[in-house]
Amino acid sequence: MSIAGGELALEQQAVDQLANLGYVATDGPATYERQDRTHQSYAILDGRLERAVARLNPQLSEWARAQIAKTISRPPSLDIVQGNRWLHDLLTNGVPVEYKDPNTGEMRGGRAALIDFDNPANNDLLVVRQFTVSGASGKTIRPDLVLFVNGLPLVMIELKDPVNTAADLNVAIDQLKRYKAIVPDLFVPNLLLVASDGPLTRVGSITSSRQRFTPWRPASGGEPTLEALIRELLNPAALLEYLRSCVAFEEDERGNIVKKVAGYHQFRAVRKARAGVIGAIKTPDRMGEEAAGKGGVVWHTQGSGKSLTMLMLAGTLVRAAEMANPTVVIVTDRNDLDDQLFDTFAMGRALLRQDPVQAESREHLRQLLDRARGGVVFTTIYKFTEEHGTISERPNVVVMADEAHRSQYGFVDGGARWMREALPNATFVGFTGTPLTAGDRVTRHVFGDYADIYDIRQSVADGATVPIYYEPRIVKLTIDEAGAKAAEEKIAEYATLDENGRETPENIRIPLEELYGADERLERVAKFVVEHWEERRAAMEGKAMIVTMSRDIAVRLYENIRDLRPEWHDEDDSRGAVKVIMNEGLPPQDEDESDEAYEKRVEPLRLHGRTKGRRKALAARFKDPADDFRLAIVVDMWLTGFDVPAAHTMYLDKPLAGHNLMQAIARVNRVYGEKPGGLIVDLIGLADPLADALATYANATGETDKPIKELQDEAIPAMRSAFEQLRAFFHDCDYGAAPRPAPLRSHSR
């Protein structure tokens, strides 16, 4: 889209493009002339709504149609977001009505359609320039463009002059927020808010903060222009698909509701994966085809909303006529991931049109899958290993595997093999937050090739995640050179076994714990972490995680931190700044270990081991930015699928590699407030595993620029730039003659 003549020209170009897509264009005053509304305070165009309801629901009487319009104009709650959720349900599922059957005279119940989703052209599409609306206070607002579908204002666009540097997109977003405060009624039906200056365009929902307004790029890549948004999202077919399939409402325990709408990468992935699944269904004439049953792999980097994308894909597959009411099976390889993903789907049950169910056992799983149609079922892969045999031969079963690359699934000889035998005609879709390795033929054999890719660079560029910085601050072992070399070899072997999904033998794990869990070293680790974290918190409030090698090390590190900062400790789960996150399980007693020695060894673990319910309560505390629980010490838990936007620092004191390393460090890449990035502090020496993981990443993307930056590489140029700006500010000032302060005493670390 060429820009000429500033904001007015941009507005006209947008209107012209929308008109070419089938929208009727008009100005605000014309809504009175056509009797679309009778008062300036009306946000809904009642006349157009009533005509659309009559056209889409000819079986209803004039009285019933009038009642529908009255219902929509009177939300059950004065809260904008609750009203928006209520009306979104009516938009997508229809308005509950009772009417008299004209043929039988009997009273019937049903739902009256507000929108024709099957035939987008059958809807009344209108774009209004300078739509003037007055609020209860008497103040008026005049959004640049409002898109109406059947009289309902679904999209609001605020434009800014691209050459006016004082009026950037943040100004437009803030203006949309002011509009919402003045005339909340206009936002109850709203689907999407748009801020654009032509070359740059960002979209968000009515609950989105500035940071959550994200760029909308073309599906094929390129700049987030207004022209691309109109062409690819605001065309009637895409807009109605987005309305029905790409909106979810999340409500926390305190009743706060967040409206989540798909970013461009999520909308693109949902459409591609949906087409891939439908095109891969194992119909009788395709049973022998290589591509049958392979729905593809979606690689979306951690923190970019992968779980929400899975929910939206499941919702659109449930509605797809080609799928004939499918059964959707969500598979993870860990119980905590199963719970986390299940919570996301339970939140989005409106998209699924049913409640998801977690399989409690192999027999329960069989009962849930042994059905003619329908259902959204959650299970871990291990439930397929307890018993073998076919459960369902239906082709309208879709299996969605989270973190599908992981070898723990056992696609060759393990749970996934038996899953494929239990569901021989299912179609498989894989989701991963990290790229597949070049030699990963097994994952491709099950799922096929990539359906969609959204990598770290794209995510950071779009503001969907923040950059990750790496800082090596290794706390060395106090052993001889030979011991150090042996330890490094064992670390490498441990990391390789861990990456391949194989259990680490005790004769490797124990020496590592003895070396890295030595009392003297843990004292130094605790001292460093306490001092470093206090400096970080002084600069930026938030949360941090310490990743340790074992449960025993985690507990002893906690004790060291408690000794240094006793005020951080509290035995009450509802209080305290630092906690160890582990389950209540205890290690077995060694054959030659006395009962007294065993009790002494496991007593500290009993103090920190917690039930699932207690861990869930701690997770809620850690996710709350205002809660004083600031520092979580973990071993394996909370390293995948656990989102804490306020977390900005991770201390790594555990050997990790490949996918596991990339997943762990992504815990600090979530967008939150003014958080500039996440920091990974390496205490154990993971430079080589990180380099290997980034090499895999480079091979998958073809990019050579590192997606994770070393802190000193970024900090030094930033400091130099700030120095040059400061020196330019004091140009012509004789600051060299200023008295010099006494030198600061250096501190060794």
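Just above sits the structure.
Every value quoted in this text rests on a predicted model; they were computed, and no experiment measured them.

The rules we used
Residues numbered from 1 in each chain as written. Predicted model: local features only at pLDDT ≥ 70, side-chain atom pairs only at ≥ 80, totals over all residues. Heavy atoms only, no water. Helix = DSSP H or I, 4+ residues; strand = E, 2+ residues; numbered from the N terminus. Contact = heavy atoms within 4.5 Å. Areas by Shrake-Rupley, 256 points an atom, 1.4 Å probe, with all protein chains shown as cover. Buried < 20%, exposed > 50% of the residue type's maximum accessible area, 1.4 Å probe, protein only. Phe/Tyr/Trp six-rings, centres within 6.5 Å; stacked < 30°, edge-to-face > 60°. 1 Å grid on protein atoms, 1.4 Å probe; cavity = no way out; pocket = protein on both sides within 12 Å on 5 of 7 lines; lining within 4 Å. Points joined across faces, edges and corners; volume = space filled by probe spheres on them. Nonpolar A, V, L, I, M, F, W, Y, C, P; charged D, E, K, R; others polar. Pairing = 2+ DSSP bridges. Axes fitted to C-alpha atoms, helices over the stretch in contact; angles between N-to-C directions. Right-handed = clockwise from strand over helix to strand, strands pointing away. Salt bridge = Lys/Arg side-chain N within 4 Å of Asp/Glu carboxyl O.

Participant: I tried to follow the overall build of the chain on my own but got confused; where do I start?
Facilitator: Assigned secondary structure in the chain consists of 25 helices and 28 strands. Taking the contacts inside the chain whose residues are at least 6 apart along the sequence as the reference set, 71% of them involve residues at least 24 apart. When the accessible surface of the chain is totalled, it reaches about 33,900 Å², and 50% of it is carbon and sulfur.

Participant: Explanation requested: helix H8 (residues 236-245) in the structure shown.
Facilitator: Along an α-helix, residues three or four positions apart point the same way, because every turn accommodates 3.6 residues. Taking burial as the measure, the 10 residues of H8 include 7 buried ones, the bulk of the element. When H8 is considered as a whole, its buried residues turn out to be Pro236, Ala238, Leu239, Leu240, Tyr242, Leu243 and Ser245.

Participant: Can you walk me through the environment of Thr140 in this structure?
Facilitator: The topology assignment puts Thr140 in strand E6 (residues 140-141). Assessed through its relative accessible area of 41%, Thr140 is described here as partly exposed. Those residues in contact with Thr140 that lie beyond four places of it in its chain are Gln40, Thr132, Val133 and Ser134.

Participant: Is there a simple way to think about the packing of aromatic side chains in this case?
Facilitator: For any pair of aromatic rings, the description rests on two quantities: the centre-to-centre distance and the angle between the ring planes. Per the stated rule, a full pass over the model turns up 14 aromatic pairs. Considering the side-chain rings of Phe342 and Phe378, the 5.3 Å spacing of their centres and the 90 degrees angle between planes classify their relative orientation as edge-to-face. Here Phe342, found in helix H11 (residues 335-347), pairs with Phe378, found in strand E17 (residues 376-380); they are 36 residues apart in sequence, far enough to count as distant. By relative accessible area, which is 0% here, Phe378 ends up buried. Ring centres of Phe345 and Phe378 lie 5.0 Å apart, and the angle between their planes is 80 degrees; this geometry places the pair in the edge-to-face category. Taken together, the residues span a long stretch of sequence, with Phe345 in helix H11 and Phe378 in strand E17 at a distance of 33 residues. Judged by its relative accessible area of 0%, Phe345 falls in the buried class.

Participant: Explain empty space enclosed by the protein here, please?
Facilitator: The gaps of empty space that remain are located by a probe, the size of a water molecule, rolled over the atoms. Under the defined criterion, the tally for this structure stands at 2 cavities of 30 Å³ or more. Reported here for the largest cavity is a volume of approximately 60 Å³. Lining the largest cavity, in full, are Ile468, Tyr470, Leu652, Leu661, Ile665, Ile680, Asp682, Leu686, Leu690 and Ile708. Mapped onto the lining of the largest cavity, the elements with two or more residues apiece are strand E21 (468-472), helix H23 (658-665) and strand E27 (678-682). A class-by-class count of the residues in the lining of the largest cavity yields 9 nonpolar, no polar and 1 charged. Forming the walls of the second largest cavity are Thr301, Gln302, Ile456, Ile468, Met662, Ile665, Ala666 and Asn669. Considering only residue class, the lining of the second largest cavity consists of 5 nonpolar, 3 polar and no charged.

Participant: Quick question: what am I supposed to make of the sheet that holds strand E16 (residues 357-358) here?
Facilitator: By way of backbone hydrogen bonds, the strands of a sheet pair with one another, either parallel or antiparallel. Strand order in the open sheet formed by 7 strands is E16-E17-E15-E18-E19-E14-E20, with parallel pairing between adjacent strands. With partners counted over all chains shown, the strands left at the sheet margins are E16 and strand E20 (450-454), one partner each. Against the sheet, helix H9 (residues 264-280) engages strand E14 (294-300), strand E18 (397-402), strand E19 (427-432) and E20, with an angle of about 165 degrees to E14.

Participant: Would you explain the pairing of E17 in this entry?
Facilitator: Among the 5 residues that make up E17, 5 are buried, leaving the element largely enclosed by the rest of the structure. Side chains Val376, Phe378 and Thr380 project from E17 onto one buried face, and the interleaved Val377 and Thr379 project onto a second face that is buried too. Note: E16 against E17, 2 bridges, orientation parallel. Residue pairing in the sheet places Val357 in a bridge with Val377 of E17. Handedness of the crossover is the feature at issue here: the chain leaves E16, passes through helix H13 (residues 362-369), returns alongside E17, and the resulting connection is right-handed.

Participant: Hey, could you run me through the pattern of salt bridges in this one?
Facilitator: Note on pairing: side chains with opposite charge can pair once their charged atoms come close. Throughout the structure, instances matching the rule amount to 42 salt bridges. Where Arg562 meets Asp563, a salt bridge forms, and the shortest distance between an N and an O atom there is 3.8 Å. A salt bridge links Arg667 to Asp643; its shortest N-O distance comes to 3.8 Å. Of this pair, Arg667 sits in the loop between H23 and E27 while Asp643 sits in the loop between strand E25 (631-634) and strand E26 (647-652), and the two are 24 residues apart along the sequence. For Arg667, a relative accessible area of 2% gives the class buried.

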